[in-house]
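If you want the building blocks of each chain, they are given just below.
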Amino acid sequence: MPAPDAETTDESTSKSFTERLGVERRPLLKALGVGASIPFVSGVTVASGEESDAQDSAEAAQEIEPMIDPVFGHPMKEAENVPDILGPDHEVELHRDFPEDIQNPDHPSFFHFEPTGLRVDSGDIVQFTFTSPNHTITAYHPGHGFQRRVPEEVPAFSSPLVQKDGAWLYQFMHEGLYDLYCGVHSVLGMVMRIVVGDFSEEDVPDYADTFEAEPPLFAPVSEQFLEHELEATSEQNENVDWTWLTAPQVLKTDALDPMRIQEAGTVSFETVADELGVAFDPEDGE
């Protein structure tokens, strides 16, 4: 190990951690005796041959905290600079797109995840790329004041607000169903569903009546509730129509049925929008 005040070369700082070790991420995990479902770690404990074997290395690796924090994830200012060591297995983009509505050109834009439905394996890393600013990726969880819509073992995780062209990485370790929302735009229907691993239809949680609970116990709330709140705000809003999609509308679509996501692998927002009768122009979005 160099002295604390030793100078570092460009070569030493530009190489990823695994490059400096001379191995790649997944081969290193295999060499440690752990599967892809075990997160890569922020440190490595090396022992002499007399003191450890492959099993000891695997146990030591599991005891070290993962590089990707299970609550805060891993934010990046620039998506293009995600280190190879994290090796994302999937990418989800956060979009703002504009509607195709000739009769109402002032119709508000749509905020959505692309894809809106995704199936991953346990241990996979997902990169969320911010094509527009002011979004979060947040779990429906009692820790956030909402009904739990992630597996029981999963903490109340959330990304920070990441700048445009930035990214946030999260490793989905526990199998099950994950309903996620943008903390800024969930009321505008910016939600998504991730299926981790394989499970049967009997294992799918039943959320049927929770959207219409009185009073609403958590977001997403119903379109009827939003219209009521608008009317209560001002007499000018009497008999208004809520013009955005709502989170219940999106999550209740057949397109985002967990079994369909599991079979398809990905479900685009366009598929969801088509089912809801919404036309938009993704080419003009941000």
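In short, a report on the structure.

Examining the overall build of the chain
Of the regular secondary structure elements, the chain holds eight helices and 11 strands. Burial analysis of the chain (286 residues in total) assigns 43% to the buried set. Long-range pairs, those at least 24 residues apart, make up 69% of the contacts in the chain with a sequence separation of at least 6. On the chain, roughly 15,400 Å² of surface is accessible, and the fraction owed to carbon and sulfur atoms is 48%.

Description of the environment of Val 250
One can find Val 250 in helix 6 (residues 247-251). Given the relative accessible area of 1%, Val 250 is considered buried. Through-space distance from the C-alpha of Val 250 to that of Val 272 is 6.8 Å; in sequence the pair is 22 residues apart. Ignoring anything within four residues of it in the chain, the contact list for Val 250 reads Thr 116, Gly 189, Val 191, Leu 245, Leu 256, Val 272 and Leu 276.

Looking at the side chain of Thr 131
Structurally, Thr 131 can be placed in the loop between strand 5 (124-130) and strand 6 (138-139). For Thr 131, the side chain forms a polar contact with the main-chain oxygen of Leu 94, separated by 2.5 Å.

A closer look at the sheet that holds strand 10 (residues 266-267)
Pairing between the strands of a sheet is mediated by backbone hydrogen bonds and can be parallel or antiparallel. One open sheet accounts for five strands, arranged 6-8-9-4-10; its pairing is mixed. Sheet topology places strand 6 and strand 10 at the edges, where each strand pairs with a single neighbour. Examined bridge by bridge, strand 6 and strand 8 (residues 176-181) share two bridges and lie antiparallel to one another. Within the sheet, the bridge partner assigned to Thr 138 lies in strand 8 and is Tyr 181.

Some remarks on the packing of aromatic side chains
Counted by the stated rule, this structure contains 12 aromatic pairs. Centroid distance Tyr 140 to Tyr 181: 4.4 Å. Interplanar angle 35°. Geometry classified as tilted. With Tyr 140 in the loop between strand 6 and strand 7 (167-172) and Tyr 181 in strand 8, the pair connects residues that are 41 residues apart, well separated along the chain. Each ring, one from Trp 168 and one from Tyr 170, has its centre 5.4 Å from the other, and the planes form 20°; the classification is stacked. Comparing Trp 168 with Tyr 170, the two get one shared label, buried. By the ring-pair criterion, three or more aromatic residues cluster together here, those being Phe 128, Phe 157, Trp 168, Tyr 170, Phe 172 and Tyr 178. Against the face of Tyr 140 rests Arg 149, its NZ or CZ located 5.8 Å from the ring centre.

Comments concerning the pattern of salt bridges
Evaluation of the coordinates by the stated rule reveals six salt bridges. When the shortest N-O distance is used, the salt bridge between Asp 121 and Arg 119 registers 2.5 Å. Classification of Asp 121 by relative accessible area gives partly exposed; the value is 38%. Arg 149 is the partner of Asp 179 in a salt bridge, and the nearest nitrogen-oxygen pair spans 3.0 Å. Linking Asp 179 in strand 8 with Arg 149 in the loop between strand 6 and strand 7, this pair joins segments that are 30 residues apart in sequence. The class of Asp 179 is buried, set by a relative accessible area of 0%. We classify Arg 149 as buried; its relative accessible area is 1%.

Examining the environment of Thr 266
Locating Thr 266 in the fold gives a position in strand 10. Of the residues examined, Thr 266 reaches a relative accessible area of 48% and is grouped as partly exposed. For the pair Thr 266 and Gly 117, spaced 149 residues apart in the sequence, the C-alpha separation amounts to 5.4 Å. Not counting chain neighbours up to four residues away, the residues in contact with Thr 266 comprise Pro 115, Gly 117 and Leu 118.

What counts, and where the lines are drawn
- Residues numbered from 1 in each chain as written.
- Predicted model: local features only at pLDDT ≥ 70, side-chain atom pairs only at ≥ 80, totals over all residues.
- Heavy atoms only, no water.
- Helix = DSSP H or I, 4+ residues; strand = E, 2+ residues; numbered from the N terminus.
- Buried < 20%, exposed > 50% of the residue type's maximum accessible area, 1.4 Å probe, protein only.
- Contact = heavy atoms within 4.5 Å.
- Areas by Shrake-Rupley, 256 points an atom, 1.4 Å probe, with all protein chains shown as cover.
- Polar contact = N/O pair within 3.5 Å; in protein donor to acceptor, adjacent residues only side chain to side chain.
- Pairing = 2+ DSSP bridges.
- Phe/Tyr/Trp six-rings, centres within 6.5 Å; stacked < 30°, edge-to-face > 60°.
- Lys NZ or Arg CZ within 6 Å of the ring centre and 35° of its normal.
- Salt bridge = Lys/Arg side-chain N within 4 Å of Asp/Glu carboxyl O.

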